[in-house]
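# Report on the structure
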Amino acid sequence: MNVSANVATDPGDVEKLRKALAAEHAALFAYGLIGARTSGRLRERITSAFDAHRARRDQLRSYITARGGRPAEPDASYALPFFPGNATLAVKLAVHLETGVTAAYLELAAARDASLRRYAALAMQEAVTRSYTFRPDQPAAFPGRPVAAPPTPSPVQVQTGG
């Protein structure tokens, strides 16, 4: 996606880009850790997510510098909410990461620059989609709506011969 750099630079937009970049840095750190502790199909999905976040990180860096800003640098380490010691926790952490990245892009979706808003919307869509690919169960058709009780089977009427 081509994000315009020829618009009047809004300092608020640059700061929103920097926050999204910081979220990408954190995601890359955690996905690297998760990838080193997984194998098989899960590791392939983790690697794919890592590559997607690396591409977004690189795009964000270029958008920030094109607007005269200074990109946020990654921290040497990031505090994780829990250690991904097994596949279940690795999946849980991946979902947590994607939720955090989505929140960072939600803020960018309020940018003054319309091209940044489109960029943020696409990034959020990708993060949410990735999040759902890690979940073992399908989400509710209408998230937030109470789950209906299964229908009660009608009593079977037994006819006796006559």
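First, a word on scope: everything that follows refers to the structure included in this document. Computed from a prediction, not measured in an experiment: that's the story for all the values here.

Here the focus is the pattern of salt bridges. If you walk through the whole model with that rule in mind, you get 10 salt bridges. The partner of Arg41 in a salt bridge is Glu44, with the nearest N and O atoms 3.4 Å apart. Of this pair, Arg41 and Glu44 both sit in helix 2 (residues 40-66), 3 residues apart, roughly one helical turn. Accessibility classification places Arg41 together with Glu44 in one group, the exposed group. Close ionic contact of Glu73 with Arg61 constitutes a salt bridge, the shortest N to O distance being 3.5 Å. Note that Glu73 is positioned in the loop between helix 2 and helix 3 (87-108) and Arg61 in helix 2, a separation of 12 residues in sequence. Overall, the relative accessible area of 27% leaves Arg61 in the partly exposed class.

For the rest of this paragraph, the subject is the packing of helix 1 (residues 11-35) against helix 3. Running from N to C, helix 1 and helix 3 point in directions that differ by 170°, and their axes come no closer than 8 Å. Between helix 1 and helix 3, the angle falls in the class roughly antiparallel. Taken together, the residues of helix 3 that come into contact with helix 1 (itself represented by Asp13, Lys16, Leu17, Lys19, Ala20, Ala23, Glu24, Ala27, Ala30, Tyr31 and Ile34) are Ala90, Leu93, Ala94, Leu97, Glu98, Val101, Ala104, Tyr105, Glu107 and Leu108. Residues of the contact of helix 1 with helix 3, tallied by class, amount to 15 nonpolar, no polar and 6 charged.

Rules and cut-offs
- Residues numbered from 1 in each chain as written.
- Predicted model: local features only at pLDDT ≥ 70, side-chain atom pairs only at ≥ 80, totals over all residues.
- Heavy atoms only, no water.
- Salt bridge = Lys/Arg side-chain N within 4 Å of Asp/Glu carboxyl O.
- Helix = DSSP H or I, 4+ residues; strand = E, 2+ residues; numbered from the N terminus.
- Buried < 20%, exposed > 50% of the residue type's maximum accessible area, 1.4 Å probe, protein only.
- Axes fitted to C-alpha atoms, helices over the stretch in contact; angles between N-to-C directions.
- Parallel < 35°, antiparallel > 145°, perpendicular 65-115°, else oblique.
- Contact = heavy atoms within 4.5 Å.
- Nonpolar A, V, L, I, M, F, W, Y, C, P; charged D, E, K, R; others polar.

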